[in-house]
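# Notes for the structure review
Read off the chains here:
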Amino acid sequence: MKNKLLKNLRTITSYALALSIVTSSFGFISVAMATGETLTIGSQSAVNGAHIVVPITGNNFTSDGNITGLSFKVNYDNTLLSYTGFIPATTGVTTINNVDNHVNILWDHSNPLILNNETFVSLNFDVINGSTTNANLNHSNELIVIGGGTSGTVTFVDGVISLNPIIDTTPP
C-alpha cells in the first residue's frame, strides 16, 4: 500500500513538473503585438443634398501585428450628415449599426487584418444641411484585439467633411 502511494505521488509530481515546465516556457516565446497600424477616416468636400462615401483606410496592418478584432465608433453631427449605410471592404465579420450620432463598427476574424493603404470599410452619408461649415468625423471607444485575446493599440486619424464650401468665382 505504501509503495502504491509513493508511486502515485511520483506520477502526480512528474505531471505537475512537466506542466510547470511547459507553461513557464510560454514566457520566452515572443508574441507579435500591434505596432504602427493606422486607421484613417477620410476627409472631403460636399454640398447640401450630396451622397458621400467616406473610406476608412488602414495602413501598416500586417500578419505580424496579429490584430484579429477591432471595435470603435465614428462620431458625426447628425444635424449636418445622415448615415445611410456602409460598404465592407475586408474579409471577416463586419457589424455596423448607427445610434444617434455615431456609427458602431465591429470587425472580427480568426486571421490577422492585413491592410497597406487599403480601404477597411466605407461609410455612406447624405449631406442634410446647407450651412458652410465642417462636419468632423472622429473616433472613440476603440478596442483592438490581438490574437490570443490581449488588447492592443491602433493610431486613428480623424476626418473632416467640408460642407458647402464657398467657391470664389471672381475672375483673376
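## Concerning the overall build of the protein
Each helix and strand in the protein was counted, giving one helix and 12 strands. Counting helices and strands in the order they occur from the N terminus, the protein gives α-β-β-β-β-β-β-β-β-β-β-β-β. By residue count, 31% of the 172 residues in the protein fall in the buried class. Carbon and sulfur atoms form 56% of the exposed surface of the protein, whose accessible area is close to 10,200 Å².

## Some details on the pairing of strand S8 (residues 118-127)
Buried residues dominate S8, accounting for seven of its 10 residues. Bridging between strand S3 (residues 51-59) and S8 involves eight bridges; their strand directions are antiparallel. By the bridge assignment for S8, threonine 57 is matched with threonine 119. Pairing of strand S5 (residues 81-88) with S8 involves seven bridges; the strand directions are antiparallel. Residue serine 82 lies in a different strand from S8, and its bridge partner there is aspartate 126.

## Focus on the packing of aromatic side chains
Two aromatic rings, taken as a pair, are described by how far apart their centres are and by the angle between their planes. Under the counting rule described, the total for this entry stands at five aromatic pairs. Note on phenylalanine 72 and phenylalanine 120: the rings are 6.4 Å apart at their centroids and 35° apart in plane angle, and the pair reads as tilted. Separated by 48 residues along the polypeptide, phenylalanine 72 in strand S4 (residues 67-75) and phenylalanine 120 in strand S8 bring together distant segments of the chain. Per residue, the accessibility class of phenylalanine 72 equals that of phenylalanine 120, and both read buried. Ring pairing ties together the aromatic residues Phe72, Trp107, Phe120 and Phe156, which thus form one cluster.

The rules we used
- Residues numbered from 1 in each chain as written.
- Predicted model: local features only at pLDDT ≥ 70, side-chain atom pairs only at ≥ 80, totals over all residues.
- Heavy atoms only, no water.
- Helix = DSSP H or I, 4+ residues; strand = E, 2+ residues; numbered from the N terminus.
- Buried < 20%, exposed > 50% of the residue type's maximum accessible area, 1.4 Å probe, protein only.
- Areas by Shrake-Rupley, 256 points an atom, 1.4 Å probe, with all protein chains shown as cover.
- Pairing = 2+ DSSP bridges.
- Phe/Tyr/Trp six-rings, centres within 6.5 Å; stacked < 30°, edge-to-face > 60°.

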